[in-house]
Amino acid sequence: MLPYFCAMQKDTQVFDLINKELERQRNGIELIASENFTSLQVMQAMGSVPTNKYAEGYPGKRFYGGCEVIDEIETLAIERLKKIFNASWANVQPHSGAQANTAVFLACLKPGDKILGLDLSMGGHLTHGSPANFSGKNYQALFYGVKKETGTVDYDHLEATAQKEKPKMIICGASAYSRDWDYKRIREVADSIGALVLADIAHPAGLIAKGLLNDPFEYCHIVSSTTHKTLRGPRGGIIMMRNDFDNPFGVKDPKGNIRPMSALLDLAVFPGMQGGPLEHVIAAKAVAFGEILTDDYTRYAQQIIQNAQAMAKAFVSKGYDLISGGTDNHLMLIDLRNKNLTGKKAQETLDKAHITLNKNAVPFDDKSPFITSGIRVGVPAITTRGLKQEHMQTIVDMIDTVLTNAGDDQKIGVVKNDVHEFMKDFPLYPELEVKETAMA
Ligand code: DSN
């Protein structure tokens, strides 16, 4: 024990709560599309000594001494990430996906420039221009949507808006969209007006990494992502490019020099909008990237798609209205209006049975974002736990029983017990012990 830690006892208050959270994760069925379970070694790296180190700057160019090992860690993370996506440049320092997008905007645009993204109410993301977010406050945000008849991106509308408004940047990517993207078409539109294309692949990144979805790097100038969704790493963000290029809009570095995009992006992350990087998280990112480069992860990504398709089919067979009729990726968006339920009610009722998902606006929703008409269901986390396509029907049956008996706590209680029994066959972190007291 170090001298100044002597007075400290183990903080049972906090660790009991952490144990309770472990039990919650173990017992339940986790269907939040943006969540996953990292490996133990990813968590070990996250809870490790690089958390003690300041390392402002980049490998070989730090503002602090003693960064030689940190440099090796960060370089390893960068090199592994570049290999995964066949990228030529990457920045692993963004603390989150929102930070990654903030840096891209800072590097590429001037305040007041026009951007064009998928409407949040149609499946887009806050950082793609929502008025509540920096992206909608500092930039002039325009939106495209999905077609009412098909639920798929309305590329004609995107193109018409782009031609009329001439945004400087077109953003593709979503947080609640179950179909693949036509990056080629978006790039053609962008080229016709001299715009940049940012692909935010936070959700499907793991599937893209393994070639199971279209490759955004072929057509999009810049690609951002989180690392904790399908990529199954620690919570964090990343920015990548396959080909570097000079910023076409004359954005300069702090010294007034025109620089390649890679340099401007690095400067935008630090010192532009972050200080010291979270090197313990970067170490955990490196571990996760190493896992993604394995064949085991390839099989995992393939299983995600098989599970999502089996689950979508099971929902459709029970009369659920899936936006776009199905899925190409890891998630599905369900309109519950034909079941006379709101998203809020569904989420809260399923929570009682320890089935966790989130309410979500559906395209052309008539309810507020706090109520919503839909739910978003994703399979990355249950796939990590080892569930296969043959288990998807069981889960949909349990969800359906809960939703069709929303007022019947006794029936929901029975499902909750079934959920616990079912998930015992898919142990989560068996290496971690839970104290009796925390299980009460
Ligand atoms: N909050 C994330 C999601 O659930 O998709 C997006 O940032």
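That block above? That's the structure.
Residues numbered from 1 in each chain as written. Predicted model: local features only at pLDDT ≥ 70, side-chain atom pairs only at ≥ 80, totals over all residues. Heavy atoms only, no water.

(A) The overall build of the protein chain, seen in detail. Along the backbone of the protein chain there are 16 helices and 15 strands. Against the compact-globule benchmark of 22 Å for 440 residues, the protein chain has a radius of gyration of 22 Å, which places it among compact chains. Principal-axis analysis of the C-alpha atoms places the extent of the protein chain at approximately 70 × 65 × 40 Å. Residues classed as buried in the protein chain amount to 55% of the 440 residues present. Pairs at least 24 residues apart make up 72% of the contacts formed inside the protein chain by residues separated by at least 6 positions. (Helix = DSSP H or I, 4+ residues; strand = E, 2+ residues; numbered from the N terminus. Rg over C-alpha atoms; globule rule 2.2 N^0.38 Å. Buried < 20%, exposed > 50% of the residue type's maximum accessible area, 1.4 Å probe, protein only. Contact = heavy atoms within 4.5 Å.)

(B) Structural view of the packing of aromatic side chains. Counted by the stated rule, this structure contains 11 aromatic pairs. Pairing Phe105 with Tyr139 gives two aromatic rings, centres 5.2 Å apart and planes at 80 degrees, and the pair type is edge-to-face. Taken as a pair, Phe105 in helix H4 (residues 97–108) and Tyr139 in the loop between helix H5 (134–137) and strand S6 (140–144) lie far apart in primary sequence, 34 residues in all. We note that Phe105, like Tyr139, is buried. Between Phe422 and Phe426, the ring centres sit 5.7 Å apart and the planes meet at 65 degrees, which makes this aromatic pair edge-to-face. (Phe/Tyr/Trp six-rings, centres within 6.5 Å; stacked < 30°, edge-to-face > 60°.)

(C) Expanded view of helix H14 (residues 392–404). Across its 13 residues, H14 extends 18 Å between first and last C-alpha, which sits within 8% of the 18 Å expected from 1.5 Å per residue. Restricting attention to buried positions, one finds in H14 the residues Met392, Ile395, Val396, Met398, Ile399, Asp400, Val402 and Leu403. In this structure, the buried residues of H14 make contact with strand S1 (29–30), helix H11 (295–317), helix H12 (343–352), strand S13 (355–356), helix H13 (380–384) and helix H15 (409–423). (Expected span 1.5 Å × (residues − 1).)

(D) Focus on the side chain of Glu279. Secondary-structure assignment places Glu279 in helix H10 (residues 279–292). A relative accessible area of 0% places Glu279 in the buried class. When sequence neighbours within four positions are dropped, the list of residues in contact with Glu279 reads Pro50, Ala55, Arg62, Ile70, Ile73, Glu74 and Gln93.

(E) Summary view of the sheet that holds strand S8 (residues 196–200). As summarised here, the arrangement of the 7 strands in space is S4-S10-S9-S8-S7-S5-S6, forming an open sheet in which the pairing is mixed. A strand with exactly one partner marks an edge of an open sheet, and here the two such strands are strand S4 (89–91) and S6. Pairwise comparison of adjacent strand axes, ignoring direction, gives a mean angle of 20 degrees for this sheet. The pairing of S8 with strand S9 (residues 222–226) spans 3 bridges and is parallel. Bridging across to S9, Ala199 finds its partner in Val223. In this fold helix H7 (residues 183–193) packs onto strand S7 (169–172) and S8, with an angle of close to 170 degrees to the strand it touches most, S7. (Pairing = 2+ DSSP bridges. Axes fitted to C-alpha atoms, helices over the stretch in contact; angles between N-to-C directions.)

(F) Structural view of the pattern of salt bridges. One pass over the structure, following the stated rule, counts 26 salt bridges. One salt bridge connects Lys184 with Glu188, and the closest N-O pair in it is separated by 3.2 Å. With Lys184 and Glu188 both in helix H7 and 4 residues apart, this pair spans about one turn of that helix. Since its relative accessible area comes to 41%, Lys184 is described here as partly exposed. (Salt bridge = Lys/Arg side-chain N within 4 Å of Asp/Glu carboxyl O.)

(G) View of the packing of helix H6 (residues 155–165) against H7. In contact at an axis separation of 10 Å, H6 and H7 are set at 10 degrees when each is read in the N-to-C sense. By the criterion of interaxial angle, the relationship of H6 to H7 is roughly parallel. Handedness of the crossing formed by H6 with H7: right-handed. Along the contact surface, H6 presents Tyr155, Asp156, Leu158, Glu159, Ala162 and Gln163, while H7 presents Arg185, Ile186, Val189, Ser192 and Ile193. (Parallel < 35°, antiparallel > 145°, perpendicular 65-115°, else oblique. Left-handed = near helix turned anticlockwise from the far one by under 90°.)

(H) Summary view of the packing of H4 against helix H9 (residues 261–273). Running from amino to carboxyl end, H4 crosses H9 at an angle of 120 degrees, the nearest separation of the two axes being 8 Å. Our classification of the angle between H4 and H9 gives oblique. Crossing of H4 over H9 shows right-handed handedness. Residues Gln99, Thr102, Ala103, Val104, Leu106, Ala107 and Cys108 of H4 form the contact with H9, whose own contacting residues are Met261, Leu264, Leu265, Ala268, Val269, Gly272 and Met273.

(I) Quick peek at the nonpolar core. Core analysis: the biggest nonpolar cluster contains 99 residues, and Ile29, Leu31, Phe85, Trp181, Met311, Phe315 and Ile355 have the highest contact counts within it. Counting residues per element, this core draws most heavily on H11, at 10 residues. The residues contacting Ile355, other than those within four sequence positions of it, are Ile29, Leu31, Leu350, Met398, Ile399, Val415 and Val419. Core analysis: the second largest hydrophobic core is formed by 27 residues, Ala103, Phe249, Leu265 and Val269 among them. (Core = buried A, V, L, I, M, F, W, Y, C linked by side-chain atoms within 4.5 Å.)

(J) The arrangement of the site of the ligand in detail. Neighbouring the ligand are the residues Ser34, His125, Ser175, His203, Lys229 and Arg376. A distance of 2.7 Å separates an oxygen atom of the ligand from a polar side-chain atom of Ser34. At 2.7 Å from an oxygen atom of the ligand is found a side-chain nitrogen or oxygen belonging to His125. A total of 230 Å² of accessible area belongs to the ligand in isolation, and the protein chains cover 62% of it. Residues that form the shell around the ligand fall into these classes: no nonpolar, 4 polar and 2 charged. (Near = heavy atom within 4 Å. Polar contact = N/O pair within 3.5 Å; in protein donor to acceptor, adjacent residues only side chain to side chain. Areas by Shrake-Rupley, 256 points an atom, 1.4 Å probe, with all protein chains shown as cover. Nonpolar A, V, L, I, M, F, W, Y, C, P; charged D, E, K, R; others polar.)

(K) Summary view of the sheet that holds strand S12 (residues 331–335). Pairing in this open sheet of 4 strands is antiparallel, and the strands run S11-S12-S15-S14 from one edge to the other. Whereas interior strands pair on both sides, the edge strands pair on one side only; in this sheet they are strand S11 (321–322) and strand S14 (358–360). Packing of H12 onto the sheet brings it into contact with S14 and strand S15 (374–378), and relative to S14 it is tilted by some 170 degrees.

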